[in-house]
Amino acid sequence: MCRYARKHFTAAGSENLVKDIQSAMGLLAFSPSTRCKRYQKLFSPSRWDALIGQFRRENFTLYQLSSQSTLSITLQAGLSALKTPQCYKPEEFNVQCPVCSKPFNDLASPLPFAHCSQSYLICTLSGKPMNEHNPPMVLPNGYVYGAQALLDMSAETGGMVTCPRTNNTFKFSDVKKVYVM
């Protein structure tokens, strides 16, 4: 056995590899209950976990696989396209934004923010975009919401609108249209 090891393993090259092979050959002479520190470490059950990890890495490399699942990669790509600084301000969460929901918010935290070349105003009450069909309206306290959500609220409460952030109540006639350029 030793002649075989000397003949074939010394040609393997690196000094570290030769030392590892010598240690492995030494395991043949010792039992798992040995008191020799050098070989106790090699017989340790934690070495199986390291071997499992090494096997998985080599298998991924061999078959050109990623250590992350395709679902995780795709999900992170989508979340990074939607992530904005507002997703981390509780008072500015958007109902329709997936990044604003707790599980996705945690998953997206290490990802970079999206680069938006155009801005969109989204109503925090309804989650709908504020545009020419749903113009932005400002309450007397300065908070802005979509006209459709405020109209629906005033229809239910007899012409009164309550700001969900401050709980202040105003007449719908006090609400003003916002013009964005």
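This text goes with the structure placed above it.
Residues numbered from 1 in each chain as written. Predicted model: local features only at pLDDT ≥ 70, side-chain atom pairs only at ≥ 80, totals over all residues. Heavy atoms only, no water.

(A) Highlighting unusual backbone geometry. Positive phi, close to 55 degrees, is recorded for Gln64, a residue that is not glycine. As for its position among the elements, Gln64 is in the loop between α4 (46-62) and α5 (70-82). Owing to a relative accessible area of 74%, Gln64 belongs among the exposed residues under this scheme. Even without being a glycine, Asn167 presents a positive backbone phi close to 65 degrees. Judged by relative accessible area, Asn167 falls into the exposed class, the value being 58%. (Helix = DSSP H or I, 4+ residues; strand = E, 2+ residues; numbered from the N terminus. Buried < 20%, exposed > 50% of the residue type's maximum accessible area, 1.4 Å probe, protein only.)

(B) Focus on the nonpolar core. Counting residues in hydrophobic clusters, the biggest one holds 13 residues, and the most contacted among them are Leu139, Tyr145 and Leu150. Considering every element that reaches this core, the biggest residue donor is helix α7 (residues 147-156), with 4 residues. Filtering out sequence-adjacent residues up to four positions away, Leu139 remains in contact with Tyr145, Leu150, Val161, Cys163, Phe170 and Val175. Leu79, Cys97, Ala108 and Leu111 belong to the second-largest nonpolar core, a separate cluster that totals 7 residues. (Core = buried A, V, L, I, M, F, W, Y, C linked by side-chain atoms within 4.5 Å. Contact = heavy atoms within 4.5 Å.)

(C) Expanded view of the packing of aromatic side chains. What the rule picks out here adds up to 2 aromatic pairs. When the centroid spacing of 4.5 Å and the interplanar angle of 25 degrees are considered together, the rings of Phe30 and Tyr39 count as stacked. Given a relative accessible area of 10%, Tyr39 falls into the buried group. A cation over an aromatic ring shows up here: Lys83 above the ring of Phe113, its NZ or CZ 4.7 Å from the ring centre. (Phe/Tyr/Trp six-rings, centres within 6.5 Å; stacked < 30°, edge-to-face > 60°. Lys NZ or Arg CZ within 6 Å of the ring centre and 35° of its normal.)

(D) A look at the environment of Glu156. Among the secondary structure elements, Glu156 is positioned in helix α7. Through-space distance from the C-alpha of Glu156 to that of Arg35 is 81 Å; in sequence the pair is 121 residues apart.

(E) Layout of the sheet that holds strand β5 (residues 176-177). The sheet built from 3 strands is open, its strands ordered β2-β1-β5 with antiparallel pairing. Two strands bound the open sheet, and with one partner strand each, they are β2 (144-146) and β5. With 2 bridges joining them, strand β1 (residues 136-138) and β5 adopt antiparallel strand pairing. When the sheet's bridge partners are listed, Met137 is paired in β5 with Lys177. Strands β1 and β2 of the sheet are contacted by α7, whose axis makes an angle of about 85 degrees with β2. (Pairing = 2+ DSSP bridges. Axes fitted to C-alpha atoms, helices over the stretch in contact; angles between N-to-C directions.)

(F) Geometry of the side chain of Ser154. Relative to the assigned elements, Ser154 resides in helix α7. Not counting chain neighbours up to four residues away, the residues in contact with Ser154 comprise Gly159, Met160, Val161 and Phe172.

(G) Representation of the environment of Pro98 in the model. Tracing the backbone shows Pro98 in the loop between α5 and α6 (102-108). Judged by relative accessible area, Pro98 falls into the partly exposed class, the value being 31%. For the pair formed by Pro98 and Leu111, sequence separation is 13 residues and the distance between their alpha carbons is 14 Å. Setting aside its immediate chain neighbours within four residues, Pro98 contacts Leu82 and Phe104.

Everything listed is a geometric property; what it means functionally is a separate question.
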